[in-house]
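Architecture at a glance
Spelled out, the chains give:
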There are 2 protein chains.
Amino acid sequence: MTVIAATARERMLLAKDASRSVGLLTDAQKADLLRAIADGIDAAAAEIVAANAEDLERGRANGLSAGLQDRLRLDEARVHALASAVRDVADLPDPVGRVLEERTIAGGVRLQKVSVPFGVIGSIYEARPNVTVDIASLALRAGNAVVLRGGSAAQSSNAALIAVMRGVLAAQGVDPEAIQTVDDFGRDGARELMRARGLVDVLVPRGSAELIRTVVAESSVPVIETGAGVVHIVLDSSAPLDWARDIVVNAKVQRPSVCNAVETVLVLRDAAERLVPPVVAALQSAGVTVHGDADARRLAPGIVPATEEDWATEHMSLDLSLRIVDDLDEALTHIRTYSTQHTESIITTDDAHAERFLAEVDAAVVMANASTRFTDGGEFGFGAEVGISTQKLHARGPMGLPELTSVKWLARGSGQIRS
Amino acid sequence: MTVIAATARERMLLAKDASRSVGLLTDAQKADLLRAIADGIDAAAAEIVAANAEDLERGRANGLSAGLQDRLRLDEARVHALASAVRDVADLPDPVGRVLEERTIAGGVRLQKVSVPFGVIGSIYEARPNVTVDIASLALRAGNAVVLRGGSAAQSSNAALIAVMRGVLAAQGVDPEAIQTVDDFGRDGARELMRARGLVDVLVPRGSAELIRTVVAESSVPVIETGAGVVHIVLDSSAPLDWARDIVVNAKVQRPSVCNAVETVLVLRDAAERLVPPVVAALQSAGVTVHGDADARRLAPGIVPATEEDWATEHMSLDLSLRIVDDLDEALTHIRTYSTQHTESIITTDDAHAERFLAEVDAAVVMANASTRFTDGGEFGFGAEVGISTQKLHARGPMGLPELTSVKWLARGSGQIRS
């Protein structure tokens, strides 16, 4: 195990310094490094599980909910799954060194725009130790150093995982300071990380809407906002019943606690009588509580009244809001008002309506006739997912490894001056 | 002239609303709109010059420097030049609607990543009325609405230009609320603009290092940092004298007040005796005051002592700092310490040194054997320049129209659900 510097600022300076050598590693060196990290995690599984047991015990004593305890828990099988995910990242193509543009200017200066590592990536996240390994491996694969700030409930697990990873770096001849934690400084660690402009190049918060809001508001380091999804599906007049029912049920039920799950279904009035009863029945038989407006409640039994708050809520549960709208215009207005610009889908066989929806809706991913659950780095074919950006700057939608790089212009001349 | 809403927040809401219709304009509609704006500016030249005269009179009364008065001044010729620049922007290719990626996923869902307008672009800048027209026309060409906050010294000129542009929008059937100013709210206008997260999608400050620092520190809207350039040229052991001399003189003298002008020259010790005397003589005969370290001062007459502060200074004048370094490592360390990551160049015939410099220097533009003055949207072939980004998120180096767009993923399916 390597020595850890005394202050948060010192650690970030060391990360910045380490980022230079990590940024120059070749594709093969980075892939080998990740494979060695995976082996190191496998070999240290018992220690990691023991450290995790300390967190779990503290969590139980502090009354941590069963759900959060489950997200925190690492058994040997989960540790090996973590290592296996690192090997998957090792297998991804190197996002660094891609030539994105090329041209000759000024009578012979060869200009290239190439992808380069950011330098230092910061992340603030909640008590899920898998995120520690996930972000560190993605950052390293793209040639970056990383400064991590996980939830305090996972502090022992994170410390154990970081010690293993730093040890592997040192053993492989890579500067171990490329992986840093500020967990042990509590809130001050997070605060210093958010204010480390110039040392940390980009900050990726992962977790609850509140965590992300705080980071966006307080950070002077550029942030990539991820996450919150008040996701809508519009059932157009022409929506086939089977597509409508299957997609709505899939989008709500398959994994209700994730950001790409649907929260609100908007049904066009002239299709409501045809679609609402069977769609609601299918949802209810899958265990979903439907919160509906007065018009919807007249069409199917067992719908609870929707409140104004429901339209703006990311339920994260088997709850779904349902509203009848007069036409596509009203659906678009509703989405503009309540959308978090994550994913929106329309079910329709009317091409004009589909294309209008795709053009006018302002969201990271806009769909026609597909489940919102497809908004996912894995489903998009990225091989790994850093998060889902809901902002418009730099990255939007599922982020893969290329989103963990910046660019640099290289100019190679032979004495040219500007006239 | 169109009515202007009462509060800054109302104006930003109107801009957000207008951004939807502007974002749906076709390439031809946007180009025609800009040509109509250019005609409108030409036709209103006398009014614009009269408004500018008010600003100039107030400036003289307030003791505005001759240089700033010159940047503020609009005569008829300059107004026509402004209009002509708008026509150039009209001629640029539409950056919206480009398909950046395309694939089929999930057994038949067609996925496309397309470029879309940001929505609302904010800009805070100093008393240069040309920036008002420049930013508005670039923003509109990329399908965006714009909220402008120019320097108070140019308030009458900006108001006249904005009235002309809004009038043309209305006459062309485009929502005039797509162009907004918050000039008349003084510092409060700037403050509201910086905090308008959710209404303004990106903020581009243009002006002094201090202005940019303030915007970066205070803004909750995502910022694209532009500008400050403490730019270095390294003269390697193998640097040919003619390249070294011509490039250093060009980079300093051609336009000393801009961000891509060189500020510091670093000479490798084993080339110092050969290069310093003639390079310094050439600089001095072009009117440059050279600030050198003790070693440099021993090699050529008339060099004033450099202070520690000089190394970190963007002179913006005919001043240049000169330092002798032991080797390329020391040059790279100096650059790491003082660079603003704008543009750095090395003069060398040693390919290994050139490639090491290109790989290791962390800056928006890294050059071998070319003048740093080439870092410019026009020189890079972009047709127009929004600014030069010195940050790593979203845009780096000269920004053209494509950097004023975001992306959106479109998914077209036929009932697919996630399994």
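Heads up: the structure comes first, above all this text.
Note that the structure is a prediction, hence the values are computed from the model and not measured.

Describing the interface of chain B and chain A
At the junction of the two partners, chain B supplies 71 residues and chain A supplies 71 residues. Across the chain B to chain A interface the summed buried area is about 5,800 Å²; carbon plus sulfur atoms make up 53%. On the chain B side of the interface with chain A, the three residues burying the most area are Leu393, Trp409 and Arg418 of chain B, jointly 15% of the side's total. The interface formed by chain B and chain A holds twelve salt bridges in total. Where chain B packs against chain A, one counts 49 residue pairs in polar contact (both at pLDDT 80 or more). Listed by contribution, the elements that provide at least two residues to the side of chain B that touches chain A are α1 (8-23), β1 (99-105), β2 (109-117), α10 (241-253), α15 (351-360), β13 (365-370), β15 (397-399) and β16 (405-416) of chain B.

Let's talk about the side chain of Asp310 of chain A
Mapped onto the fold, Asp310 of chain A is located in helix α13 (residues 308-311). Not counting residues within four places of it along the chain, the set of residues in contact with Asp310 of chain A comprises His291, Pro305, His315 and Ser321 of chain A.

Re the side chain of Arg412 of chain A
Along the chain, Arg412 of chain A turns up in strand β16 (residues 405-416). Within the structure, Arg412 of chain A has its side chain in polar contact with the side chain of Gln112 of chain A (distance 3.0 Å). Here the side chain of Arg412 of chain A touches Glu355 of chain B through a polar contact of 2.8 Å, side chain to side chain. Each residue touching Arg412 of chain A, except ones within four places of it in the same chain, is listed here: Gly108, Val109, Arg110 and Gln112 of chain A together with Glu355, Leu358 and Ala368 of chain B.

Focus: the sheet that holds strand β6 (residues 202-206) of chain B
Residue and element names in this part refer to chain B. Taken in spatial order, the four strands of this open sheet run β5-β4-β3-β6, and their pairing is parallel. The outermost strands of the open sheet, each flanked by one partner alone, are β5 (179-181) and β6. Neighbouring strand axes in the sheet, compared pairwise and without regard to direction, differ in orientation by 20° on average. For strand β3 (residues 120-125) and β6, the ladder comprises five bridges, and the chain directions are parallel. Within β6, the position partnered with Ser123 by the bridge is Val204. In the packing of helix α8 (residues 186-194) onto the sheet, the strands contacted are β3, β4 (145-149) and β6, and the crossing angle to β4 comes to about 140°.

Cut-off values and rules
Residues numbered from 1 in each chain as written. Chains lettered and ligands numbered in written order. Predicted model: local features only at pLDDT ≥ 70, side-chain atom pairs only at ≥ 80, totals over all residues. Heavy atoms only, no water. Contact = heavy atoms within 4.5 Å. Buried area = accessible area lost by both parts, 1.4 Å probe. Salt bridge = Lys/Arg side-chain N within 4 Å of Asp/Glu carboxyl O. Polar contact = N/O pair within 3.5 Å; in protein donor to acceptor, adjacent residues only side chain to side chain. Helix = DSSP H or I, 4+ residues; strand = E, 2+ residues; numbered from the N terminus. Pairing = 2+ DSSP bridges. Axes fitted to C-alpha atoms, helices over the stretch in contact; angles between N-to-C directions.

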